[in-house]
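# Topology and contacts: notes
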Amino acid sequence: MAKFDNLLLEKKDGVAVITLNRPSKKNAMSPALHRDMVAALELLRDDKNARVVVITGAGGVFCAGMDLKEFFLELKDKPSEYEAVWKMATEWRGRTLRYYPKPVIAMVNGFCFGGAFSIVEGCDLAFAAEEATFGLSEINFKLFPGGCVSKSLANLLRPRDALYYGMSGETFDGVEAARIGFINKAFPKDKLVEQTMAVARNLASKDPNAMRATKEGYRYSLEMTWDAAMNYAMAKELELVQRQNDAFRKEGIQDFLKGKYKPGLEAHPG
Ligand code: COA
């Protein structure tokens, strides 16, 4: 497996786990960590052994957001470099994860502040420890949820929750994150990995082309008119048939009609 200075990468049972690995800085996202993340996601994009990607953090922490020193201070007088890092940082969280051709799951194991909200929002699914601490801390240091964070809040949260937590800077735990719909579900800390990996393995066991179409069908339709979405769905269906050699008809539907399984209750055995 490739090695990165700021990430750990492991693969097992069709699931790749990317661990943000700057525990001495609470996994704050330095420019180098962003570069590593871009490279790791590109590496896994076409890796057939990575059907699902899970993102988590080392040292009992998810991510303390942007590296305030290396990004905001050290690049202050280097506008071109600042803009390049800004774009790279927003691109992988705001677009790469969202349109990635396989499911991406955030596993929030501890502190999750500021810019880390956009990792969670960019992922398709998110689980957290009940004890995790979330906070839009920008207001506390006289900034606002910049980069892609305000858009992440607008994408996922109800206005009352986004503005309350954005304006107050108050922290909340995993249970509250689930209640407001920022994550799918919170688990006790000692169950988080087991439960998240069970979901990841389940997704990894499905037809990867149907999985990709499920994600892309949803993601791209969000931006479309009804007419464009219908046209896209028809084209997407034909694309899926081509990618999976019509497996949904030949296996999925035929085996149901032969009484081999009930797709309403279980996945195709093949
Ligand atoms: N950027 C840069 N460095 C950070 C950081 C960040 N976002 N978050 C933590 N660190 C660094 C600290 O400066 C410290 O470095 P040092 O050991 O060289 O002094 C180290 O990580 C450990 O942090 P510390 O504050 O000592 O740990 P803690 O457990 O007491 O508190 C936090 C952890 C996350 C609550 C606290 O570090 C914090 O408030 N960080 C800022 C979070 C934030 O506002 N993020 C939004 C950014 S968009």
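For clarity, every value in this text was computed on a predicted model and none was experimentally measured. By convention here, each chain's residues receive numbers from 1 onward along its written sequence. Whole-chain, interface and lining totals are the exception, using all residues; otherwise, since this is a predicted model, local features are given only for residues with pLDDT of at least 70 and side-chain atom pairs are given and counted only at 80 or more. Calculation of side-chain values draws on the structure's entire complement of heavy atoms; hydrogens and water are dropped beforehand.

## Let's talk about helix α1 (residues 31-45)
Our working definition: Elements are defined by DSSP. Helices are runs of H or I of four residues or more, strands are runs of E of two residues or more, and each kind is numbered from the N terminus. One less than the number of residues in a helix, times 1.5 Å, gives the span that helix is expected to have. Buried residues are those whose accessible area, probed at 1.4 Å on protein chains only, stays under 20% of the maximum for their type, while exposed residues exceed 50% and partly exposed ones sit between those limits.
Counted at 1.5 Å a residue, the expected span for α1 with its 15 residues is 21 Å, and the 21 Å between its end C-alpha atoms agrees. Three or more residues of α1 are buried, namely Pro31, Leu33, His34, Asp36, Met37, Ala40, Leu41 and Leu44.

## Re helix α5 (residues 149-156)
Inclusion rule: Throughout, the arc means that of the directions going from the helix axis to the C-beta atoms.
Among all positions in α5, only Val149, Ser152 and Leu153 are buried. For α5, the arc enclosing every buried residue in end-on projection is 100°, short of the 170-degree limit, so these residues lie on one face. Opposite the packed face of α5, turned more than 90 degrees from it, sit the exposed residues Lys151 and Ala154.

## Let's talk about the pattern of salt bridges
Threshold: In the sections that follow, a salt bridge refers to a side-chain nitrogen of Lys or Arg positioned within 4 Å of a carboxyl oxygen of Asp or Glu.
Scanning the entire structure with this criterion turns up 19 salt bridges. In this structure, Glu121 and Arg98 form a salt bridge, with 2.8 Å as the shortest nitrogen-oxygen distance. One end of the pair, Glu121, is in helix α4 (residues 116-122); the other, Arg98, is in the loop between α3 (79-96) and β4 (104-108), and 23 residues separate them in sequence. Pair check on accessibility: Glu121 and Arg98 agree, each one buried. With a shortest N-O distance of 2.4 Å, Glu216 and Lys236 are connected by a salt bridge. Here Glu216 is found in helix α9 (residues 208-221), whereas its partner Lys236 is found in helix α10 (residues 226-244), with 20 residues between them in sequence. Assigned by exposure class, Glu216 and Lys236 land together as buried. Among the charged side chains, a salt-bridge network with shared partners connects Arg212, Glu216, Lys236, Glu239 and Arg243.

## With respect to the sheet that holds strand β2 (residues 15-20)
Rules: At least two bridges found by DSSP between two strands are what make those strands a pair. Between N-to-C directions, angles cover 0 to 180 degrees, with each direction set by a line fitted to C-alpha atoms, over the stretch in contact for helices. The contact criterion used is simple: two residues touch if any of their non-hydrogen atoms lie within 4.5 Å.
If you trace the six strands from one edge of the open sheet to the other, you get β1-β2-β3-β4-β6-β9, paired in mixed fashion. Strands at the two margins of the open sheet, each flanked by one partner only, are β1 (7-12) and β9 (185-187). Between one strand and the next, the sheet's axes are offset by a mean angle of 20°, whatever the strand orientation. Contacts between helix α8 (residues 192-204) and the sheet are confined to β2, β3 (52-57), β4, β6 (125-129) and β9, with β4 contributing the most and set at about 175° to the helix.

## Observations concerning the site of the ligand
Condition: What makes a residue near a molecule or strand is one non-hydrogen atom of that residue sitting within 4 Å of it. The term polar contact refers here to a pair of N or O atoms within 3.5 Å; inside protein, the definition further demands a hydrogen-donor-capable atom paired with an acceptor-capable atom, and it admits residues adjacent in sequence only when both atoms are side-chain atoms. With residues, only the protein chains shown are counted as cover, and all accessible areas are computed by Shrake-Rupley using a 1.4 Å probe.
The environment of the ligand is made up of 15 residues, and the closest members are Lys25, Ala64, Met66, Leu68 and Ser137. A distance of 2.5 Å separates an oxygen atom of the ligand from a polar side-chain atom of Lys25. A distance of 2.8 Å separates a nitrogen atom of the ligand from a polar backbone atom of Ala64. Relative to its free-state accessible area of 860 Å², the ligand is covered by the protein chains to the extent of 57%.

## Some remarks on the domain arrangement of the protein chain
For clarity, the threshold we go by: All domain edges in this entry derive from an automatic or database-based domain assignment. Throughout, buried area stands for the accessible area (probe radius 1.4 Å) lost by two parts on being put together, summed over both. Here the nonpolar group is Ala, Val, Leu, Ile, Met, Phe, Trp, Tyr, Cys and Pro; Asp, Glu, Lys and Arg are the charged ones; every other residue, Gly included, is treated as polar.
Entries for the protein chain in the domain assignment read domain 1 (7-204) and domain 2 (208-257). Each of domain 1 and domain 2 has a C-alpha centre, and the two are 28 Å apart. Opposite the 13 residues of domain 1 that make contact, domain 2 presents eight residues. Buried surface at the junction of domain 1 and domain 2, both sides included, amounts to about 860 Å², of which 55% is carbon and sulfur. Three residues, Arg98, Tyr99 and Pro101, lead the burial of domain 1 against domain 2; their summed loss comes to 57% of the area buried on that side. Here domain 1 is connected to domain 2 by two salt bridges. Note that Arg219 and Asp124 form a salt bridge whose closest N and O atoms lie 2.8 Å from each other. At the boundary of domain 1 and domain 2, one finds six residue pairs in polar contact (both at pLDDT 80 or more). Taken together, the residues that form the side of domain 1 that touches domain 2 break down as eight nonpolar, one polar and four charged.

## Some points on the side chain of Asp36
Of note, Asp36 is situated in helix α1. Excluding residues within four positions of it along the chain, Asp36 makes contact with Phe4, Asp5, Asn6 and Leu7.

## Looking at the nonpolar core
Taken as a class, soluble globular proteins show a tendency for nonpolar side chains to be buried jointly. The test is simple: Definition of nonpolar core: a set of buried residues of the types Ala, Val, Leu, Ile, Met, Phe, Trp, Tyr and Cys, connected through side-chain atoms within 4.5 Å.
Grouped together as the largest cluster of nonpolar side chains are 66 residues, with contacts concentrated most on Ile55, Phe62, Ile119 and Phe134. Once you skip the residues sitting within four places of it in the chain, Ile55 turns out to touch Ile18, Leu20, Met37, Phe62, Leu97, Val104, Ile105, Ala106, Met107, Ile119 and Cys123.

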